Each structure stands twice: as C-alpha cells, then as structure tokens.
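The lines below spell out each chain.
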Amino acid sequence: MIWVLTLSLITILSVVAGLRKRKVVYFFVPFASIFAFMLVKVIMVPLPFLDTVRFIFQLRG
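Quick caveat: nothing in here was measured; it's all calculated off a predicted structure.

**Digging into the UniProt feature "transmembrane region" (unreviewed entry) in the chain**
Reasoning step 1: As annotated by UniProt and renumbered to match this structure, "transmembrane region" (unreviewed entry) occupies residues 27-50.
Reasoning step 2: Within the segment residues 27-50, helix and strand shares are 71% and 0% respectively, and the terminal C-alpha atoms sit 30 Å apart.

What follows is the structure in structure tokens.
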C-alpha cells in the first residue's frame, strides 16, 4: 500500500511541476518510477533474471 501512495505522490508532484514549468521531462518521471519499481520487483524474484522475464511473458490471463 505504501508503494501505491508513493507512486501516486510522485505522479501528482511531477504533473504539477510539469504544468507549472511547462517542461515535458517532468511528465516522464512517473513512467520512469513505475518502470524502476517493476524492475526491482522482478530482480527480487529468486530465479535467474531471464527465466523470470520469460515466465512473466508466458503467463496467460
């Protein structure tokens, strides 16, 4: 739950900063933080990295 609140706060702050300063780079911050979060969670799996990525993409809904 704390991760959701943290990523939400990062998103809100970066959107406000992007609108105030009118720079596009601030709008990429939430995407970068979510990507970094997902990468850390994949790295924490106790399997080799490539096996974990293959497993994730082989899952079917």
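**Focus on the packing of helix α2 (residues 29-43) against helix α3 (residues 49-58)**
Reasoning step 1: Contact geometry for α2 and α3: axes closest at 10 Å, N-to-C directions at 115°. Taken together, the axis directions place α2 and α3 in an arrangement best described as roughly perpendicular. For the pair α2 and α3, the contacting residues are L39, V42 and I43 in the first and F49, T52, V53 and I56 in the second.
Reasoning step 2: Residue classes in the contact of α2 with α3 are distributed as six nonpolar, one polar and no charged.

**Some thoughts on the side chain of T52**
Reasoning step 1: Within the element layout of this structure, T52 appears in helix α3.
Reasoning step 2: Relative accessible area serves as the criterion here: at 4%, T52 is assigned to the buried category.
Reasoning step 3: A distance of 3.0 Å separates a polar atom in the side chain of T52 from the backbone oxygen of P48.
Reasoning step 4: In contact with T52, not counting residues within four places along its chain, are V42, V45 and L47.

Conventions used here
Residues numbered from 1 in each chain as written. Predicted model: local features only at pLDDT ≥ 70, side-chain atom pairs only at ≥ 80, totals over all residues. Heavy atoms only, no water. UniProt positions renumbered as here; feature names shortened; annotations may be inferred. Helix = DSSP H or I, 4+ residues; strand = E, 2+ residues; numbered from the N terminus. Axes fitted to C-alpha atoms, helices over the stretch in contact; angles between N-to-C directions. Parallel < 35°, antiparallel > 145°, perpendicular 65-115°, else oblique. Contact = heavy atoms within 4.5 Å. Nonpolar A, V, L, I, M, F, W, Y, C, P; charged D, E, K, R; others polar. Buried < 20%, exposed > 50% of the residue type's maximum accessible area, 1.4 Å probe, protein only. Polar contact = N/O pair within 3.5 Å; in protein donor to acceptor, adjacent residues only side chain to side chain.

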